[in-house]
Protein chains: 4
Amino acid sequence: MGAIFEHSVDVRWRDTDALAHVNHVVFLTYLEEGRDAFYAQVLGSDPIYVVARLEIDMRREVRYEDKRVTVRIAVERVGTTSMTTRETVVTPAGETAAEARVVTVRWDADSRKPVPFSDAERARLATSMTA
Amino acid sequence: MGAIFEHSVDVRWRDTDALAHVNHVVFLTYLEEGRDAFYAQVLGSDPIYVVARLEIDMRREVRYEDKRVTVRIAVERVGTTSMTTRETVVTPAGETAAEARVVTVRWDADSRKPVPFSDAERARLATSMTA
Amino acid sequence: MGAIFEHSVDVRWRDTDALAHVNHVVFLTYLEEGRDAFYAQVLGSDPIYVVARLEIDMRREVRYEDKRVTVRIAVERVGTTSMTTRETVVTPAGETAAEARVVTVRWDADSRKPVPFSDAERARLATSMTA
Amino acid sequence: MGAIFEHSVDVRWRDTDALAHVNHVVFLTYLEEGRDAFYAQVLGSDPIYVVARLEIDMRREVRYEDKRVTVRIAVERVGTTSMTTRETVVTPAGETAAEARVVTVRWDADSRKPVPFSDAERARLATSMTA
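Residues numbered from 1 in each chain as written. Chains lettered and ligands numbered in written order. Predicted model: local features only at pLDDT ≥ 70, side-chain atom pairs only at ≥ 80, totals over all residues. Heavy atoms only, no water.

A. Just the pattern of salt bridges, in detail. In this structure the tally under the stated criterion is 55 salt bridges over all chains. Between Arg68 of chain B and Asp10 of chain B there is a salt bridge, and its shortest N-O distance comes to 3.6 Å. Note that Arg68 of chain B is positioned in strand β3 (residues 68-78) and Asp10 of chain B in strand β1 (residues 5-10), a separation of 58 residues in sequence. Members of the salt-bridge network, linked through shared partners, are Arg53, Glu55, Asp57, Glu76, Arg86 and Arg101 of chain A together with Arg53, Glu55, Asp57, Glu76, Arg86 and Arg101 of chain B. (Salt bridge = Lys/Arg side-chain N within 4 Å of Asp/Glu carboxyl O. Helix = DSSP H or I, 4+ residues; strand = E, 2+ residues; numbered from the N terminus.)

In structure tokens form, the structure reads like this:
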């Protein structure tokens, strides 16, 4: 049983839009930053992957004044070439701003096709899976 | 029964990332541009809304060389304060790059709370609903 | 003597920030889109280059309601590996939103170093130069 | 004589483009983050300003692998409504990636016009000026 991985992301002024809050699209960039940090820690390198499917519920606005958010990543399932993660954006006040389930696919940048995780990678990802 | 609304979005160089394709996050910006154009046409003004929920399947890479994509918007359901749309990103070759279902909520920018569609808005949106 | 090249860029909602106008950084993306279209027309292909120096005066806000801007590109100087252009962002009302001078350098993506324009490229760029 | 202000900015995957480096436009976002942090520290609040003029020399690529950059801000001149700063982006290896001079204008968000610094603001900014 693995702990939930946490990563802090600074809110940038450029993340806001004319409704004076962080544009909803940027929530996916926050998730991406958390996921990349997770991958880097668990796999020990910057992984190459693509996002195949994403579901997200936006619960709450994030504003520039929030300064930073915390992204939580929990592995739900590790497949041959793909991984499913539960991903959450949390405000400094501890409130959930967004909850997502994301399917990513390990990617071969040269052939531009999915590629299986190695046994070592799968083992490391499995260890990080929440029970 | 309404026709499916279509809107063309130019691919920008800034939309790409180091995998030499359009970053998946930008697909949501393409959808947003299509949805805003849909709203503007059907409601006759730039609407103020927030995205409450979004599901997206990424089917295919979009590359800078594609130059533009077509976004298709079809209304699935109109509620009191929310609307559900089916949204598709299509490449110039006619291939589906992404398919999404999006729940948006009419928004009052001053109170920062959901606000009901007016009867006139609901009528216009209902007319545009695909059978 | 060449005519001034013009290219239209759609304003996206994501281009705005919490001051309810297009973020100044995005003006450079508008210039980039105009410049890429210029390069594509004059050189007949998507060129690979980097921006080495840029000066920009921001004269006026662009807002989402403006819907689109026109980018004008005029070649000022063509060097061995570099080119200097005068670039302007114009609103639909015909007002100058930004004026820039930009030095770009032809780039070899593999060696990550500057590379000279070919004679054919230089000839085509020189023809497009404003007198 | 003030010390040079430093602020660290994390490089995001979304900052890269298809040349596998941080897009030049994003350098301005890095500067903006540094400048906003400077303003917040010196003035004690998030200031409202617009960028009126910017000159930037791009000296070196920043890549995702760099993970973060340091932005240095030094005040060059404080005027009635405007401020000129020297701004630098430095890589983790200590190399200068970009050098800029930026003129910002204190802004009234309601009237959408320049507004003078208060005497207290000018005094605090002057103290931070490098000799």
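B. Here's a closer look at the side chain of His24 of chain C. By the element assignment, His24 of chain C lies in helix α1 (residues 24-43). The class for His24 of chain C is buried, based on a relative accessible area of 9%. Apart from residues lying up to four places away in sequence, His24 of chain C is in contact with Met58 of chain C together with Leu28, Glu32, Arg35, Val51 and Leu54 of chain D. (Buried < 20%, exposed > 50% of the residue type's maximum accessible area, 1.4 Å probe, protein only. Contact = heavy atoms within 4.5 Å.)

C. The arrangement of the interface of chain C and chain B in detail. Contacts between chain C and chain B engage 17 residues on the former and 17 residues on the latter. Roughly 1,400 Å² is buried in total at the junction of chain C and chain B, and carbon and sulfur atoms are behind 36% of that figure. When the buried area of chain C at its contact with chain B is split by residue, Arg12, Glu33 and Asp46 of chain C rank highest and sum to 41% of it. Remark: the boundary between chain C and chain B carries two salt bridges. One salt bridge in this structure joins Arg12 of chain B and Asp15 of chain C, with 2.9 Å as the shortest N-O distance. Linking chain C to chain B there are eight residue pairs in polar contact (both at pLDDT 80 or more). Residue assignment for the side of chain C that touches chain B shows that the elements contributing at least two residues are β1 (5-10) and α1 of chain C. Here the side of chain C that touches chain B gets six residues from one element, more than from any other, and that element is α1 of chain C. (Buried area = accessible area lost by both parts, 1.4 Å probe. Polar contact = N/O pair within 3.5 Å; in protein donor to acceptor, adjacent residues only side chain to side chain.)

D. Examining the relation of the copies chain B and chain A more closely. Of the transformation superimposing chain B on chain A, the axial component is 0.0 Å and the angular component is 180 degrees, with the fit at an RMSD of 0.0 Å. Such values leave the two copies arranged in the relation of a two-fold axis. By C-alpha distance to the rotation axis, the residue of chain B lying nearest is Glu55 of chain B, at 2.1 Å. Here 100% of the contact residues of chain B are again contact residues in chain A; the copies associate through an equivalent surface. (Least-squares fit on C-alpha atoms with pLDDT ≥ 70 in both.)

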